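These are the residues of each chain, in order.
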Amino acid sequence: MSGYFKELISGTKSLFIGLGITGKYFFEPVVTLQYPHEYLEMTPRYRGHIELIPDEETGEPKCVACGMCEKGCPSGCISVKGEKRKGVKGKVLTKYILNFTTCSLCGQCVESCKFDALRFSLDYNLASQRKEDFIYDLIKRLKEKS
Amino acid sequence: MPEPFRVILFIIFVMAFAGLNAAYLVWCERKGAGHIQRRIGPKEVGPYGLLQPIADGIKLMTKQLFLPKGVDPILFMVAPLMVMVPAIMSFCVIPFSEIFVAREINIGLLMIFAFASVNVLGLLLGSWGSANKYAVIAGARCVSQNVAYEIPMLITTITMVMVTNTMNLNEIVRLQDGWFWHWYVFRLDISLLMPVAFLIFFVCSLAETNRAPFDMAEAESELIAGTYTEYPGMGFGVFFMGEYANIVIGCALTTILFLGGWQSPIPLDFSGFLGVIWGLFWFLLKLYALIFTVIWIRWTYPRTQFYELLNLSWKVLIPFSLFNLILTALQIKIFPWL
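The present account deals with the structure reproduced in this document. (Residues numbered from 1 in each chain as written. Chains lettered and ligands numbered in written order. Predicted model: local features only at pLDDT ≥ 70, side-chain atom pairs only at ≥ 80, totals over all residues.)

### Some thoughts on the overall build of chain B
Counting its secondary structure elements, chain B contains 11 helices and zero strands. Going from N to C terminus, chain B has its helices and strands arranged as α-α-α-α-α-α-α-α-α-α-α. Counting only C-alpha atoms and orienting by the principal axes, one finds that chain B spans roughly 65 × 50 × 45 Å. A fraction of 78% describes how many contacts in chain B between residues 6 or more apart in sequence connect residues 24 or more apart. (Helix = DSSP H or I, 4+ residues; strand = E, 2+ residues; numbered from the N terminus. Contact = placed C-beta atoms within 7 Å.)

This is the structure we're talking about:
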């Protein structure tokens, strides 16, 4: 009989404690992100599609169009073109196309780059209904970003 | 104003009130659930998501009223109405304010309980008529739950009738005139267990309206949607409106019996139109505070197991309400001047 009352009292008490917790939460600020209206910055190690790293002084890509990334890409989704220009050491990058439809984000291109000119971007809102939207011109993208 | 005209006007008001309440309590429920879980809840349709219930209503109304194969067409169509109509009928005797009541009848309390017992019949017929095994399980559970919880609820009500000596709801409210410690929930001089009686009544009204944590009729995790499994479109919508109207009735009854109905907590009375508004304000404030508690409880506790639910009624609520009945009778007998 004493167990009955003990259980009753402790049970009722625990119910009120539960109400207290949810009641407190009710007045606390919300913790969710309103996704389509708000975006979250991705963490630095997120592996999005690749992007060119700009030279800090000139803002031009650091890439010298050596083509190692193109060679190293197992899916063959990178195509790089460069040209010699007077007064400039090495080649100048003229075209850098990434076909993201076949890219598997393996990161071989970033690994093989000896000039520290490639990195993973933090973009993740890439949905589209057209295939052409995933053929990225990375030089154009770099200019748009800066 | 001639009497029939007044009653018709009031019935129109009551139907609008019940419908709007059902729609906007869903909104409150979703907002409340959101904030308790630290989300925002509906916010896209209209400012603060206020048009969400209208969008939901339009969606439900445009759906086809499809009769699945094998259902009993009459029972299937009548069942939602049997949940909704008694709830609306009960509103006719609820005093929103001293004169703001459709019909002040002497057996208002009895009438509400008579209509409230039809609610479970509607659920049972709906689940039987839909020829679905999950619905039938839910219907069976629903009946045993309602039988179990109607007993402590009615015993507590008998106690209250013993105290007030009347079943006229307006009269019960008038007896709680004056300061807020004249409300029956604080009247320990009438019965030492009055707050417990209030709790018993409130818990029973939760169970009677099939609200979480006692929502055995729905139990979506095990019974899909229980009674509502086969219902399309507005059939489901009417069930839902009935459920929310029943919540309002339950909370209104708790307010009237224990929390002084339309009485203000301080003895401050106005006459004429201002008096009506003053009473209405206090009644609605108490009513919606209780409804908020109902929503709060729903999003705090998980659904109980079925046998625990019955244990709570038969092992705790019924003995306590019986003890309360005897104690109140003794106290009234020994101190008749109170």
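Structure's up, so let's keep going.
### What to know about the overall build of chain A
Helix and strand counts for chain A come out as four helices and five strands. Against the globule reference of 15 Å for 146 residues, chain A gives a C-alpha radius of gyration of 27 Å, more extended than a compact globule. Taken along its principal axes, the extent of the C-alpha atoms in chain A is 95 × 30 × 30 Å. Within the span of chain A, comprising 146 residues, buried residues form 14% of the whole. Restricting to contacts in chain A with at least 6 residues of sequence separation, those with at least 24 account for 70%. (Rg over C-alpha atoms; globule rule 2.2 N^0.38 Å. Buried ≥ 20, exposed ≤ 12 C-beta atoms within 10 Å, placed from the backbone.)

### A short note on the sheet that holds strand 5 (residues 135-137) of chain A
Residues and elements named next belong to chain A. Read across the open sheet, the three strands follow the order 2-3-5; overall the sheet is antiparallel. Edge positions in the sheet fall to strand 2 (78-84) and strand 5, since each of these pairs with one other strand and no more. On average, each strand axis in the sheet is tilted by 20 degrees relative to the strand beside it, whichever way the strands run. (Pairing = 2+ DSSP bridges. Axes fitted to C-alpha atoms, helices over the stretch in contact; angles between N-to-C directions.)

### Focus: the pairing of strand 3 (residues 91-99) of chain A
Residues and elements named next belong to chain A. In this sheet, strand 3 lies alongside strand 2 in antiparallel orientation, the contact comprising seven bridges. Counted as the bridge partner of valine 80 is tyrosine 96 from strand 3. Between the end of strand 2 and the start of strand 3, which pair antiparallel, lie six residues, with glycine 87 showing a positive phi angle near 80 degrees. By the bridge criterion, three bridges tie strand 3 to strand 5 in an arrangement that is antiparallel. Paired with asparagine 99 across the two strands is isoleucine 135, which belongs to strand 5.

### A few points about the nonpolar core
With 83 residues, the main nonpolar core has Phe201, Ala245 and Ile291 of chain B as its most contacted residues. If one sorts the elements of this core by residue count, helix 9 (residues 233-258) of chain B sits on top with 15 residues. The residues touching phenylalanine 201 of chain B, leaving out its near neighbours within four places in the chain, are Met153, Thr156, Thr254, Leu257 and Phe258 of chain B. By size, the runner-up hydrophobic cluster in this structure holds 18 residues, among which are Tyr96, Leu118, Tyr136 and Leu138 of chain A. (Core = buried A, V, L, I, M, F, W, Y, C linked by C-beta atoms within 7 Å.)

### With respect to the packing of helix 3 (residues 73-90) of chain B against helix 4 (residues 108-129) of chain B
Residue and element names in this part refer to chain B. Direction vectors running N to C along helix 3 and helix 4 enclose 165 degrees, while the axes themselves pass 8 Å from each other. By the angle between their directions, the pair helix 3 and helix 4 is classed as roughly antiparallel. The interaxial crossing formed by helix 3 with helix 4 has left-handed handedness. For the pair formed by helix 3 and helix 4, the contact residues are Leu75, Phe76, Val78, Ala79, Pro80, Met82, Val83, Pro86, Met89 and Ser90 on the first element and Ile112, Phe115, Ala116, Val118, Asn119, Leu121, Gly122, Leu123, Leu125, Gly126, Trp128 and Gly129 on the second. Residues that form the contact of helix 3 with helix 4 fall into these classes: 17 nonpolar, five polar and no charged. (Parallel < 35°, antiparallel > 145°, perpendicular 65-115°, else oblique. Left-handed = near helix turned anticlockwise from the far one by under 90°. Nonpolar A, V, L, I, M, F, W, Y, C, P; charged D, E, K, R; others polar.)

### Focus on helix 10 (residues 272-298) of chain B
Residue and element names in this part refer to chain B. With 27 residues, helix 10 should reach 39 Å at 1.5 Å per residue; the first-to-last C-alpha distance of 39 Å fits that figure. Among all positions of helix 10, only Gly279, Phe283, Lys286, Leu287, Leu290, Ile291, Val294, Ile295 and Ile297 are buried. Buried positions along helix 10 lie against helix 1 (3-36), helix 7 (194-208) and helix 9. (Expected span 1.5 Å × (residues − 1).)

### Topic: helix 7 of chain B
Residue and element names in this part refer to chain B. In this model, helix 7 (15 residues) spans 21 Å end to end at C-alpha, consistent with the 21 Å of a helix rising 1.5 Å per residue. Residues of helix 7 that are buried include every one of Met194, Ala197, Phe198, Ile200, Phe201, Phe202, Val203, Cys204, Ser205, Leu206, Ala207 and Glu208, and no others. Looking at the buried residues of helix 7, the elements they touch are helix 4, helix 5 (133-164), helix 9, helix 10 and helix 11 (306-334). Asparagine 210 lies just past helix 7 and shows a positive phi near 60 degrees.

### What to know about unusual backbone geometry
Across residues other than glycine, the phi torsion is negative in most instances, and most of the peptide bonds are trans. Notably, leucine 105 of chain A is not glycine yet its phi reads approximately 55 degrees, a positive angle. Note on placement: leucine 105 of chain A falls in the loop between strand 3 and helix 3 (108-112). In this model, asparagine 165 of chain B sits at a positive phi of 70 degrees, which is unusual for a non-glycine residue. Assignment of secondary structure puts asparagine 165 of chain B in the loop between helix 5 and helix 6 (169-174). A tally of 11 C-beta atoms within 10 Å means that asparagine 165 of chain B is categorised as exposed.

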